Amino acid sequence: MLRPISAPKIDRFRRLLARLGLPLCFSLFPLISICGLCEQAWSQDQPTSTPQSPQYKTSQRKPKEVSRSQKQSPNPDAGRDAKPVNTRGSASRISAPGTASSKVEGLYARSFRLFVPPLFETGLEASLESGRVPMTPEESRRAAKRRWSEAEDLRALGTAQSLHGAMLKYEDALRLFRSAGKASEPGEIAHTLNQIASIADALGERQQAINYYNQSIPLWRAASDRQSEAATLTQLGRVYNASGDKQQAQQFFNQARLIVQTSSLMRTVGDENRAATMMFNLGKLYEEQGQPQQALQHYQQALIGWRAAKDQKGEASALNSLGSLAARAGQFDQAVQLFQQSLPLWRASGDKRGEAVTLSNLGYVADTQGQRQRALDLYLQSLPIWREINDTRNVASTLNDIGSLHAGMDQKEQALKFYMEALPLRRLTGDKRGEAATLNNLAGLYANMGDLRLATETFSQALELRRSIGDKRGEAITLGNLGFTHQKFGELNRAIDFYQQSLTIAQTLNDKTRVAGTLASIGEIHSALGEKAKARESLEQSVALWRELKSRARENSALAQLAGVYSAIGEKQKAVEAYKQALSNWRLVTPTPISR
């Protein structure tokens, strides 16, 4: 969250402060929140392990991407120049195979954030409200700008309560702008609608966010502000993408990309900075749409342009995005090089947020490479920077990440300490997705510590939150975890009910890995209940899916169970074949001859 910049001025008649217009960070791509990341706007979790497998699962997050910001005045008086702001500053994650052991899925999930560091700051002085009733159109407009200032002050506090208060102030400003009629410009109203939408999205009210964003689009067109129109279309794409409506999201992304491409053709010749920004924005759109090669080409062109323009922040943004692409492609050494190149550029330009993002990205890569102590050191370096810039949401996300590292190193007490510190901060900021992720981590930790009752209670809290925000993937994971805890209690019928609910959602999401693992768990319970025919059906489906996914260890585990079921129902030949298949999949290590 960017802090407002103000300059107090004493009005000799009313003795009130007249605030400067507060700068707003605008980028075509302000992004959403690890708890992201960890499981924040676009979260992926590691698949459920089969019950037989001794391996527990973790989920990890993706590199943060620092977007190039085109900052505009938050003062609606800026009219056509006003841009939407990313209120959320939240996280986004991708799944990576975990390294820590846990029978519970989603345990030690990391957060991941994507940020838009400020590019430049401007401000316009807001006029004081006249106070006369009824107000003239111009007085209504001035009153609206006053509400804007108050809304920004509340939003800067970053708590859920203050965000609700800010939304009310913005709605009041919207009413005043509309009552001002022709005295207000379309861009002022559109900008206000976008602020309300961004807060609604941050608070998990996606449908409300969609409604407000949709209202702003024709106003941006009326204001001839194609950049803001493209940014709003991109935000709509992200909201639909997070809701699971990929087709609708793609339509909005395509519209935004067409506007950016058209705008880039009209740029001034020789304007390297503007051209680089256009290329970067196109890269972000291609990345959003799952076209990494196209994104790579545009980021590289943006990097060349920003270097030619001697723009350190732009260069750092491009390097960080290139590093993120490399990390997600598994090219970790290259990612480290790119992140390390961007770090001194952030520091030289005094951009604390960009520095914190890149430190966290380096921590992510170190963790993925198994360098947990180095990852911990890097996260601990980023933590005081988040605190310095009063970014409470990302303080909480980083605390969660540190807790997950301690949990992965089997330092349970330390992990518990950091999770418990992160949880109230996530509640304070209204980050329900992040809160659910931390609750899931805590519950998994309790399960590994042997307190299954407390684990079940905490998983239930996480489940309620995930359902409330429509996080289907997270819901499937937590339902599976509840199935596991009840299975451990010996409450097999309740366990199978939770597994079946998880299976239904996983099938809807076409998540074959989770489907295979859940089928294996269901097969194991049916076998324990003596329902051999049902056990056989579930396990055969699980084996087929693991084979399709080329997961030999999990296939072997399911095959071993299936062999036991075949034997119990008298199909001895099939039992032998299943055992042989399982054994043939194991890698045999040839002993090294001893030299004499």
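Please read these numbers as outputs of a predicted model, since none were measured by experiment. (Residues numbered from 1 in each chain as written. Predicted model: local features only at pLDDT ≥ 70, side-chain atom pairs only at ≥ 80, totals over all residues. Heavy atoms only, no water.)

## Overview of the environment of Asp497
For clarity, the threshold we go by: To qualify as a helix, a DSSP run of H or I must reach at least 4 residues; to qualify as a strand, a run of E must reach at least 2; elements of each kind are numbered from the N terminus. Throughout, exposure labels follow a simple rule: accessible area from a 1.4 Å probe, protein chains only, divided by the maximum for the residue type, with under 20% read as buried, over 50% as exposed, and the rest as partly exposed.
Mapped onto the elements of the fold, Asp497 is located in helix α18 (residues 492–508). We classify Asp497 as partly exposed; its relative accessible area is 42%.

## Digging into the environment of Arg372
Position of Arg372 among the secondary structure elements: in helix α12 (residues 372–388). For Arg372, a relative accessible area of 16% translates into the label buried. As a C-alpha pair, Arg372 and His406 span 34 residues in sequence and 8.7 Å in three-dimensional space.

## Regarding helix α9 (residues 312–328)
Heads up, the rule is: Here the expected span of a helix is defined as 1.5 Å times the quantity of residues minus one. Under this definition, polar contacts are N or O atom pairs within 3.5 Å; protein pairs additionally need one hydrogen-donor-capable and one acceptor-capable atom, and for neighbouring residues in sequence, both atoms have to be side-chain atoms.
Its 17 residues give α9 an end-to-end C-alpha distance of 24 Å, which sits within 8% of 24 Å, the value for a rise of 1.5 Å per residue. Most of α9 is tucked away: 15 of the 17 residues are buried. Its side-chain oxygen 3.2 Å from the backbone nitrogen of Lys313, Asp311 forms the N-cap of α9. Immediately beyond the C-terminal end of α9, within one or two residues, lies Gly330, with a positive phi of roughly 80 degrees.

## Considerations on the pattern of salt bridges
To keep it simple, the criterion reads: Salt bridge, as applied in this entry: a Lys or Arg side-chain nitrogen positioned within 4 Å of an Asp or Glu carboxyl oxygen.
Taken as a whole and assessed by the stated rule, the structure comprises 31 salt bridges. Residue Glu315 pairs with Arg307 through a salt bridge whose shortest N-O separation is 2.9 Å. Look at Arg307 and you get partly exposed, because its relative accessible area is 39%. Salt-bridge contacts for Arg453 lead to Glu491; the nearest nitrogen and oxygen are separated by 3.9 Å.

## Some thoughts on unusual backbone geometry
We note that Lys310 has phi near 55 degrees; this positive angle belongs to a residue other than glycine. In this structure, Lys310 sits in the loop between α8 (292–308) and α9. Accessibility expressed as a relative area gives 73% for Lys310, which makes it exposed.

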